[in-house]
Amino acid sequence: MMYKRIFKALLFLTCLAAVYSFISLEVDPLAKIRQQLDKWIYEQPVEKVYVHMDKPFYAAGEDIWFKAYVVSGSGHKLSTLSAIVNVDLIDNRDSIRQSVKLALDHGVANGDFALPDTLHPGNYRIRAYTNYMRNAGSDYFFNKLITIINTIVPVKESKTPVANNVTGKIDIQFFPEGGYLVNGITTKVAFKAVAPDGLGATVKGTITDGKGQLVANFASSHAGMGVFEMTPVAGVTYLAKTVDAGSSESTAELPRAIDKGYVLSITGSDPQNLLVKVSASKAVFRDDPNRAVFVVAQSGGKIYDTEKSKPGTAVSAFVIPKNKFPSGIVQFTLFSSLGEPLNERLVFIQNRDQLNLNVTTDKQAYAPRERVKIDIDAIAADNKPAAGSFSVSVIDETKVPVDEDAENNIMTSLLLTSDLRGYVERPAWYFNRPTDETRTALDVLMLTQGYHRFEWKQLLNNAFPAKQYQPENSLQVSGTVLTPAGKPVANAKVKLFDLDSIQFTRDTVTDDRGRFMFKNLTFDDSVRFIVQARTSKNKRDVDIKMDNLLPAATSGNKDKPDYQIDINNNLSVYAQSSKQLYQEQRKYGLGNHVIPLREVVIREKKQALKYSANLNGPGNADQVIFGKDLWNIGCLNIPECLQGRLVGVIFRNGIPYSTRDFRPMQLIVDGAYVDGEFLNALNYNDVQAIEVLRNVALTSIYGGFGGSGVFLVTTRHGGETDDPQPIYGRGITTYYPKGYYKARVFYSPQYDKPNTNKQVADLRTTIYWNPNLLTGKDGKTSFEYFNAGSKGSYRVVIEGIDNKGKIGRLVYRYRVQ
């Protein structure tokens, strides 16, 4: 009997606790919001990448020098989540031309790209991301547009694809503040007009009601954006009549106003405070006059302020100091008393909470080839010294003119563009010279953007997206051991050997699914592995299927509006200096100017191509690449192996395209006509030869299938004497994964040393590059270099992050005369 009483008491207390827990969530939904945001930060931390480069554009034959900063969390601290960052050089056809994998050291890494002399001029971009960032999507990758010219080899410019808006009309969209027009409440409405080239369009116009009566005038102020106010009336439809700079007219209907809802309005004209105003419609107030709502302001998942309206008030206003928030984007969300998100508004905060960098030099003007010493002093917002990691570039701005307002520097990237999916035109304009005009324009930009790091309804319902990609903490080699029939082999013994290092061996055992993995590896990008597998009974009649992590898809570049159409005219000064530098280097045998053959034609009719399905005969092709030529490249797949190595052929998402008409080539594998995507599935170790047919005389035999060229692949049939595997057969395979790239050291001449050739004209445009500047506890460091031989204005750019996640940037100029 006693046990029954105790059981009933416990049951009662459990039910009571559940009831009170439910009531607590109903009464205080803010607690749940905090809980879910904390959970999101813990389970879905945000990583960002910024890449500092030595200059904004380049020439074929030059080097691109860069440093990657990987940060995580709302405080932008250097990341400890990922240990690897990927950096790609991508052309305007979305083909990866070069790619490196860099090991992060406390969130930073530096690298470089050597541009071949035969590189096609055109628009390119640098893309950087960690494997973990792929969960958020490519919109949040780092992308920076660069222009590359070629004054060395007369190659045809790679033309930029046409603009996104093929209709040729201006696209204009309207964005009511907070998300909705509500009848009877005066509301700010932002708009954005986009021209066919993707850039903002200058427009003006009128808002009229259904009777044609004027309601408001509007005109764009910056980058096609502007704002106006209106008070919608129930039952009235509003039209916007727009006129662009070319006097073309268009008409669009404004979003329909609702009767029951709220308007969330925020004004930031006061330098110190934000004025937040919440207005309820008459219908809302009539149905429930005692209803209360509350506002949550968060940045990076951390709540910095909450405000609650008083019951019985239709309009609530709150004054919030701006210094409560960090610099960057803050999301204000209006919630109902039950915790349902109603309205949203983004606000950009510009506080003086970042690093202050100071430089001192011994003089303001220098002579050509004179030594320069610059001291750096990094000071935090609290006037204390800041220890951090920095990079510095020095360029001759006379030869490399910089459009500073168009730059996406460390400030604009980490504080602004990295949190927005949409394209931001000339982002540095908002930061370089802050004025009332730039602050107003930045607020209008926020009105036209949405926050998409998470959706409130999904977050509150615990519907977090699955993490398909995990943080990479080290390199690994993995795969599956299968029987000849394709079934997994459990408990198989797997060994890993390095062909170039006898001392390196690893061994492991497969799991129940036949999976194996070698973790915590460190190897460079030219490594050659042998993987050997045996059954638990030491039988070798097994197959090994290696895992290959393909790079992220390159489509969907949101910064395409920044592409330049006529690059040669825009960079005429730089082109002339680049050509002079090249000629001087060639004269003295300097620089890495090994010009590869513009066309590689290897014709062989021996046993190596006896299985070729080429209708013209084995080896009768414009280009022939043998499989053995791919073994030591260190690539992931065939498209990556061949990118930039075939004349007239580029690869987009792994599909071969002819540069003649930029259409997919017909892929034929062992005589079978297959889709171009099939090339990604082929292992280059299984390739005997690849034949490229582009000449009409060779493609005509294929009829309509050969209109854009033919890409023939002949696979290995066994018995070849040049097999890439030292031991050919089951249970063993070679594997050439992509390892860490070892960055080169920037060369800076030392004119105080006797062995330096002073007869060479020093025409460098990048004078100095140092990615490894560290300030100590005193916030100080320094660097030295020698000027080039040219007179002009030299531009020094220092960027970096301290140990607390504060960002610093400084631009300093001096004269060389």
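Because the structure is predicted, anything quoted here is derived from the model rather than measured. (Residues numbered from 1 in each chain as written. Predicted model: local features only at pLDDT ≥ 70, side-chain atom pairs only at ≥ 80, totals over all residues. Heavy atoms only, no water.)

S.K.: Explain helix α6 (residues 436-447) here, please?
M.R.: The end-to-end C-alpha separation of α6 is 17 Å, in line with the 16 Å expected for twelve residues at 1.5 Å each. Within α6 the residues assigned to the buried category are Thr438, Ala441, Leu442, Val444, Leu445, Met446 and Leu447. Buried residues in α6 make contact with β10 (171-176), β11 (187-194), β14 (225-230), β22 (328-335), β23 (341-349) and α5 (429-432). (Helix = DSSP H or I, 4+ residues; strand = E, 2+ residues; numbered from the N terminus. Expected span 1.5 Å × (residues − 1). Buried < 20%, exposed > 50% of the residue type's maximum accessible area, 1.4 Å probe, protein only. Contact = heavy atoms within 4.5 Å.)

S.K.: Explanation requested: the packing of aromatic side chains in the structure shown.
M.R.: Describing an aromatic ring pair means giving the distance of the ring centres and the angle of the ring planes. Tallying each qualifying case throughout the model produces 32 aromatic pairs. Judged by centre distance (5.4 Å) and plane angle (80 degrees), the rings of tryptophan 65 and phenylalanine 746 are edge-to-face. Pair noted here: tryptophan 65 is in strand β3 (residues 63-72) and phenylalanine 746 is in the loop between β42 (732-735) and β43 (766-775), with a separation of 681 residues, a long-range link. We note that tryptophan 65, like phenylalanine 746, is buried. Relative to phenylalanine 711, the ring of phenylalanine 651 lies with its centre 6.0 Å away and its plane at 85 degrees, an arrangement referred to as edge-to-face. (Phe/Tyr/Trp six-rings, centres within 6.5 Å; stacked < 30°, edge-to-face > 60°.)

S.K.: Just to check I follow, could you spell out the sheet that holds strand β24 (residues 356-361) for this structure?
M.R.: Each strand in a sheet pairs with another by means of backbone hydrogen bonds, the pair being arranged parallel or else antiparallel. Spatial ordering of the open sheet is given by β24-β26-β44, a layout of three strands whose pairing is antiparallel. Of all the strands in the sheet, just β24 and β44 (780-786) have a single pairing partner and so form its edges. Within this sheet the neighbouring strands show an average axis-to-axis angle of 25 degrees, counted without direction. As defined by bridge partners, strand β26 (residues 371-379) adjoins β44 across seven bridges and the pair is classed as antiparallel. The residue bridging lysine 373 from the neighbouring strand is glutamate 784, located in β44. (Pairing = 2+ DSSP bridges. Axes fitted to C-alpha atoms, helices over the stretch in contact; angles between N-to-C directions.)

S.K.: Help me understand the environment of asparagine 131, please; the structure alone is not making it clear to me.
M.R.: In this fold, asparagine 131 is placed in the loop between β8 (122-129) and β9 (142-149). Between the C-alpha atom of asparagine 131 and that of tyrosine 469, which follows or precedes it by 338 residues, the distance is 6.1 Å. Here asparagine 131 is in contact with Asn86, Tyr469, Gln470, Glu472 and Leu549, once residues within four sequence places are set aside.

S.K.: Mind showing me how you'd approach the environment of serine 248 here?
M.R.: With respect to the element layout, serine 248 can be found in the loop between β15 (239-244) and β16 (249-253). Assessed through its relative accessible area of 42%, serine 248 is described here as partly exposed. Residues serine 248 and valine 203 lie 45 residues apart in sequence; the distance between their C-alpha atoms is 9.6 Å.

S.K.: Quick question: what am I supposed to make of unusual backbone geometry here?
M.R.: In terms of backbone geometry, most residues other than glycine have negative phi values and most peptide bonds are trans. Positive phi, close to 55 degrees, is recorded for phenylalanine 662, a residue that is not glycine. With respect to the helices and strands, the residue phenylalanine 662 is situated in the loop between β36 (655-658) and β37 (663-664). Owing to a relative accessible area of 24%, phenylalanine 662 belongs among the partly exposed residues under this scheme. Phi at aspartate 670 takes a positive value of approximately 50 degrees, unusual for a residue other than glycine.

S.K.: So what exactly am I meant to see when it comes to the nonpolar core here?
M.R.: Taken as a class, soluble globular proteins show a tendency for nonpolar side chains to be buried jointly. Core analysis: the largest hydrophobic core is formed by 57 residues, its most contacted members being Ile64, Phe66, Ile146, Leu416 and Tyr430. Setting aside chain neighbours within four positions, we find tyrosine 430 in contact with His222, Met225, Gln350, Val424, Glu425, Thr438, Ala441, Leu442 and Leu445. (Core = buried A, V, L, I, M, F, W, Y, C linked by side-chain atoms within 4.5 Å.)

S.K.: Explain the confidence of the model for the chain here, please?
M.R.: As a note on interpretation, predicted positions should not be read in detail where pLDDT is low. The pLDDT averaged across the chain works out to 87; a share of 90% of its residues lies at or above 70. This model gives residues 594-598 a pLDDT under 50, and the stretch forms eight contacts once residues within four places in sequence are excluded. Predicted confidence for residues 602-607 stays below pLDDT 50, and this span has 13 contacts to residues more than four positions away or in other chains. (pLDDT = per-residue confidence, 0-100.)

S.K.: Which parts of the structure should I look at to understand a nonpolar patch on the surface?
M.R.: On the surface, Leu615, Tyr673, Ile701 and Phe705 cluster together into a nonpolar patch covering about 410 Å² of accessible area. Positionally, isoleucine 701 belongs in the loop between α11 (696-699) and β41 (710-715). When its relative accessible area of 44% is taken as the criterion, isoleucine 701 is described as partly exposed. (Patch = residues over 30% accessible without salt bridge, like charges linked within 9 Å, V, L, I, M, F, W, Y side chains within 5 Å. Areas by Shrake-Rupley, 256 points an atom, 1.4 Å probe, with all protein chains shown as cover. Salt bridge = Lys/Arg side-chain N within 4 Å of Asp/Glu carboxyl O.)

S.K.: I'm lost on the pattern of salt bridges in this one. Help?
M.R.: For side chains bearing opposite charge, pairing can occur when the charged atoms are close. Within this structure, the stated rule accounts for 37 salt bridges. Note that aspartate 419 is salt-bridged to lysine 48, the shortest N-O span being 2.9 Å. Of the two residues, aspartate 419 is situated in the loop between α4 (410-415) and α5 and lysine 48 in strand β1 (residues 47-53); the sequence distance between them amounts to 371 residues. Take aspartate 419 and lysine 48: they sit in the same class, and that class is buried. Lysine 560 serves as the salt-bridge partner of aspartate 94, at 3.9 Å between the closest nitrogen and oxygen.

S.K.: Could you clarify how one ought to interpret the pairing of strand β5 (residues 84-91) in this entry?
M.R.: Note on strand geometry: in a regular strand, side chains alternate between the two faces of the sheet. Among the eight residues that make up β5, eight are buried, leaving the element largely enclosed by the rest of the structure. Going residue by residue along β5, you find Ile84, Asn86, Asp88 and Ile90 tucked away on one face and Val85, Val87, Leu89 and Asp91 tucked away on the opposite face as well. Bridge count between β5 and strand β6 (residues 96-103): seven bridges; the pairing is antiparallel. Across the sheet, asparagine 86 pairs through a bridge with lysine 101, a residue of β6.

S.K.: What should I look at first to understand the pairing of strand β45 (residues 792-802) in this one?
M.R.: Burial within β45 is extensive, with eleven of its eleven residues counted as buried. Note: strand β27 (residues 388-396) against β45, nine bridges, orientation antiparallel. Across the sheet, the residue bridging to aspartate 396 is tyrosine 794, located in β45. Pairing of β45 with strand β46 (residues 807-816) involves ten bridges; the strand directions are antiparallel. Residue pairing for β46: isoleucine 801 is matched across the bridge by isoleucine 807. The loop that links β45 with its antiparallel partner β46 comprises four residues; one of these, glycine 805, has a positive phi angle of about 90 degrees.

S.K.: It is not clear to me how the sheet that holds β37 should be interpreted in this structure. Could you clarify?
M.R.: Taken together, three strands build an open sheet; the order of strands is β35-β36-β37 and the sheet is antiparallel. Unpaired on one side and paired on the other, β35 (649-652) and β37 mark the two borders of the sheet. Note: β36 against β37, two bridges, orientation antiparallel. Pairing of serine 658 across the sheet is with arginine 663, part of β37.

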